[in-house]
Amino acid sequence: MHPAGVCAASLGSLGLLRFLGAPWPWSLAATFGVCLGGGGWRLLRLLFRTAPRDLFGLAVLLRVKYELRRHQKAKSTVPKMFQDVVRRHPDKTALIYEATGERWSFRRLDEYSNAVGNYFQHQGFLPGDVIAVFMESRPEFVGLWLGMAKIGVEAALINFNLRLDSLVYCVTTSGAKAVIFGGELSAAVCEVNGMLGKNMAKFCSGEYNPDAVPAETRHLDPLLSAAATSPPTQVPLKGLDDRLFYIYTSGTTGMPKAAIVVHSRYYRIAAFGYYAYRMRPEDVVYDCLPLYHSAGNIMGVGQCLLHGLTVVIRKKFSASRFWDDCAKYRCTIIQYIGEICRYLLNQPVRECETRHCVRLAVGNGLRPTIWQDFTKRFRIKQIGEFYGATECNCSIANLDGKVGACGFNSRILPNFYPIRLVKVNEDTMEPVRDSGGLCIPCGPGEPGLLVGQIDQRDPLRRFDGYVSPSATSKKIARDVLRKGDQAYLSGDVLVMDELGYMYFKDRGGDTFRWRGENVSTTEVEGTLSRVLDQTDVAVYGVEVPGKRRRRRGFRRAGGKRARRQLGRVVAGVEGKAGMAAIADPEAKLDPKVLYQELQKVLPPYARPVFLRLLPQVDTTGTFKIQKTRLQSEGFDPHQSSDRLYFLDAKLGKYVPLDQRLYQRICAGKAAL
């Protein structure tokens, strides 16, 4: 029996002893003894070590639930919540645009968004229509989608790094009737103008050159200047469960998917950050993340729109200017994602990096290997690491600064927030089921797929999915923890320790098997990056041609010796071989020295078999390493002009990989 069950039974025994007339001291002593004897000391230890964390987490959860219920009763939406903030302090600075130093008050942001709503309403756009927004981060970006929301028009927030087919795909699959693009992206729009359709209305905001945009494009800025700045008169009957806008997945594999963000989801993400990390209205947030992404637009800008904080918007992240900006604008909160913290650590030490007022760093993707180095060097008091995707219903947060943890789930009250780690086949990412057809929960130390039970009536547990119904259905599993239930499949493998802290293991597909061991690409990347002074590294598994020989062929081979030899050949290339793509723009990396260092820090099975030294490693707009192209090209010299190396097991060093050696490897003549 679980210790909690033992203690529960012991409490029942306490009542029985009292009923029989036993004195209180003896009753308590007996109950305590039964509890400890039945393993209840583990529960007491859990209570002692996790109660403050769990109680605070419970308070945050209840606070967000209460606020959501209050807003539901009031039939609030994000624009209505913003209106309350404007009434409280219209002249307070809402947004600061770093590129120009321009400051937008809450009144100005409100009037600009009103002009957007009035103009597009006058143009005949109706609630439920979609307009794509394709521009770099700046205050107008916020005002545009907010103004659309005031008239019920939904914005499709397009990654400004997209071009050609990807750009056309994202705009057209959203069902957009118009696209608003920044003048800086005119060339990208011209490239795809013929593919967007004749009926696609086009508006340009910002720098406008009539000779550099499609002929039918209208310059939006003067049109908005002439529009009424009073609130739109025809306000749609929208509620918290209605669509606000679409945010696209990063598209690390395949085309991006448009995730549906409803008003309650926007509020939930921003409110969790506000209450979980004890933000205050006087805080100033430094937001250098792209506003087409949920971290920048919801966790960051959401604090401005819903809670009245000032947010500094930077057009693009700059590692060299980061701390100068924080000191200049007296920022108290910074945001990070992906590899940003590593990029900052890779900068030369400067005086400004300790002259700031930053007390809190909020984000996800801070590698455990650099966590303490980051907080110590930059004197950050609190790391607010969290886990979550735009569309997921199983977000978790690190509330007490536990190094390396991306969140927790209570071991004492696990059912209060119905998320679980369930056993999964890491090759197929399919949940493993028991004889009754249910998923098998993981115990402490067991890696598992994070899932969240779905309840469409609960704003905290609903799953709104994607514009594509087929993409939505792929993320839902049935009969997960009990018959008839539904759960969201995160696609990510985490590990929980005995105290309930959860640690990110790998995104689905980021592990590979080699020499009978599971290799974590994130762990190898972290180690390599640290050895190479925070250099960009992408680690992935590659197929070795000719390795898939059927074992029944062994039986046809002549003699035991031949079978043993053939078996050794196949066993030597079982699974995928590790390959590391390393940014080496100045061609200074010495593979021989690198291997000597790797021998000290990585087990043999985790050392990359292949190296690819290239000028830079591709990343997404949200600073995640791109591996799809690298993995598809493998280690074939014909596929790349980059320097390739092979770990020669006999020589014990990396050797240049040319076409001749490639053919020997594929023929099974090179020892792996």
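Presented here is an overview of the structure given in this document. This structure is a prediction, so every number in the text was calculated from the model and none was measured. (Residues numbered from 1 in each chain as written. Predicted model: local features only at pLDDT ≥ 70, side-chain atom pairs only at ≥ 80, totals over all residues. Heavy atoms only, no water.)

**Section: empty space enclosed by the protein**
The final tally for this structure, using the stated rule, is four cavities of 30 Å³ or more. Its boundaries defined by the atoms lining it, the largest cavity holds a volume of some 60 Å³. In terms of lining residues, the largest cavity is bounded by Ala319, Ser320, Phe322, Trp323, Leu344, Gln347, Pro348, Arg350, Cys352, Glu353 and Arg377. Split by residue class, the lining of the largest cavity holds six nonpolar, two polar and three charged. (1 Å grid on protein atoms, 1.4 Å probe; cavity = no way out; pocket = protein on both sides within 12 Å on 5 of 7 lines; lining within 4 Å. Points joined across faces, edges and corners; volume = space filled by probe spheres on them. Nonpolar A, V, L, I, M, F, W, Y, C, P; charged D, E, K, R; others polar.)

**Considerations on the state of the cysteines**
Here is the idea: a disulfide is a covalent bond, and it sits between the sulfur atoms of two cysteines. Counting across every chain of the model gives zero disulfides. Unpaired in terms of disulfides, Cys204 finds its nearest cysteine sulfur in Cys190, a separation of 9.5 Å. Not part of a disulfide, Cys352 finds its nearest cysteine sulfur in Cys326, a span of 9.0 Å. Exposure remark for Cys352: the relative accessible area of 6% places this residue in the buried category. (Disulfide = S-S within 2.5 Å. Buried < 20%, exposed > 50% of the residue type's maximum accessible area, 1.4 Å probe, protein only.)

**What about a positive patch on the surface?**
A cluster of basic side chains, namely Lys650, Arg660, Arg664 and Lys669, defines a positive patch on the protein surface. Considering the arrangement of structural elements, one finds Lys650 in the loop between strand 29 (643–648) and strand 30 (653–656). (Patch = residues over 30% accessible without salt bridge, like charges linked within 9 Å, V, L, I, M, F, W, Y side chains within 5 Å. Areas by Shrake-Rupley, 256 points an atom, 1.4 Å probe, with all protein chains shown as cover. Salt bridge = Lys/Arg side-chain N within 4 Å of Asp/Glu carboxyl O. Lys, Arg positive; Asp, Glu negative; His and termini not counted. Charge placed at Lys NZ, Arg CZ, Asp CG, Glu CD. Helix = DSSP H or I, 4+ residues; strand = E, 2+ residues; numbered from the N terminus.)

**Some details on helix 10 (residues 294–307)**
With 14 residues, helix 10 should cover 20 Å at 1.5 Å per step; its first-to-last C-alpha distance of 17 Å lies more than 12% under that length. Burial analysis of helix 10 places 14 of its 14 residues in the buried class, which makes it a mostly covered element. Downstream of helix 10 by a residue or two, Gly308 has a phi angle that is positive, lying close to 80°. (Expected span 1.5 Å × (residues − 1).)

**A short note on the sheet that holds strand 28 (residues 610–614)**
Within a beta sheet, neighbouring strands are joined by backbone hydrogen bonds and run either parallel or antiparallel to one another. Strand order in the open sheet formed by five strands is 26-27-28-29-30, with mixed pairing between adjacent strands. In this open sheet, the two edge strands, each paired with only one partner strand, are strand 26 (537–542) and strand 30. Ignoring strand direction, the axes of neighbouring strands in this sheet form an average angle of 25°. This element, helix 15 (residues 521–531), spans strand 26 and strand 27 (577–583) of the sheet and lies at about 140° to strand 26. (Pairing = 2+ DSSP bridges. Axes fitted to C-alpha atoms, helices over the stretch in contact; angles between N-to-C directions. Contact = heavy atoms within 4.5 Å.)

**Side note on a nonpolar patch on the surface**
Together, Leu62, Leu413 and Phe416 line one region of the surface with nonpolar side chains, adding up to about 270 Å² of accessible area. Mapped onto the secondary structure, Phe416 falls in the loop between strand 16 (407–408) and strand 17 (419–422).

**Looking at the nonpolar core**
Among the nonpolar cores identified, the biggest contains 127 residues, and Phe120, Phe134, Trp145, Ile158, Phe245, Tyr266 and Leu305 are the most heavily contacted of them. When residues of this core are assigned to their parent elements, the largest contribution, eight residues, is made by helix 9 (residues 263–276). Setting aside its immediate chain neighbours within four residues, Phe245 contacts Trp145, Ala155, Leu157, Ala259, Ile260, Val261, Tyr266, Asn297 and Ile298. By size, the runner-up hydrophobic cluster in this structure holds 45 residues, among which are Met579, Val609, Val655 and Leu661. (Core = buried A, V, L, I, M, F, W, Y, C linked by side-chain atoms within 4.5 Å.)

**Notes on helix 15**
Taken residue by residue, helix 15 has Thr521, Val524, Glu525, Gly526, Thr527, Leu528 and Ser529 as its buried positions. Two residues or fewer after helix 15 comes Asp533, characterised by a positive phi angle close to 60°.

**Some thoughts on the pattern of salt bridges**
Taken as a whole, this structure holds 41 salt bridges when the rule is applied. Of the charged contacts, one joins Glu102 and Arg108 as a salt bridge, the two residues approaching to 2.7 Å between their closest N and O atoms. Residue class for Glu102 comes out partly exposed when judged on its relative accessible area of 28%. Residue Arg108 is classed as partly exposed on the basis of its relative accessible area, which comes to 34%. Glu339 serves as the salt-bridge partner of Arg367, at 3.1 Å between the closest nitrogen and oxygen. Of this pair, Arg367 sits in the loop between strand 13 (360–364) and helix 13 (371–378) while Glu339 sits in the loop between strand 12 (333–337) and helix 12 (340–345), placing them 28 residues apart in sequence. Glu339 carries the same exposure label as Arg367, and that label is buried.

**Remarks on the packing of helix 3 (residues 78–88) against helix 5 (residues 139–150)**
Between two packed helices, the angle of one axis relative to the other and the distance separating the axes together describe the packing. Running from amino to carboxyl end, helix 3 crosses helix 5 at an angle of 110°, the nearest separation of the two axes being 9 Å. The angle between helix 3 and helix 5 falls in the class roughly perpendicular. From helix 3, Val78, Pro79, Phe82 and Gln83 reach across to helix 5, where they touch Trp145, Leu146, Ala149 and Lys150. Partitioning the contact of helix 3 with helix 5 into residue classes produces six nonpolar, one polar and one charged. (Parallel < 35°, antiparallel > 145°, perpendicular 65-115°, else oblique.)

**So, the side chain of Asn159**
On the secondary structure map, Asn159 appears in the loop between strand 4 (154–157) and helix 6 (164–173). Among the polar contacts listed, one links the side chain of Asn159 to the side chain of Tyr292, at a separation of 3.2 Å. With residues up to four places along the chain from it excluded, the contact list for Asn159 reads Phe134 and Tyr292. (Polar contact = N/O pair within 3.5 Å; in protein donor to acceptor, adjacent residues only side chain to side chain.)

**Some details on the sheet that holds strand 11 (residues 310–313)**
In space, the eight strands of this open sheet follow the order 2-1-11-10-12-13-14-15, with mixed pairing throughout. Here the strands that pair on one side only, and so sit at the sheet edges, are strand 2 (102–105) and strand 15 (396–397). Looking at chain direction, strand 1 (residues 93–97) and strand 2 are connected through four bridges and run antiparallel. Of the residues in strand 2, the one forming a bridge with Tyr97 is Glu102. In the packing of helix 5 onto the sheet, contacts are made with strand 1, strand 2 and strand 11, and the angle to strand 1 comes to roughly 130°.

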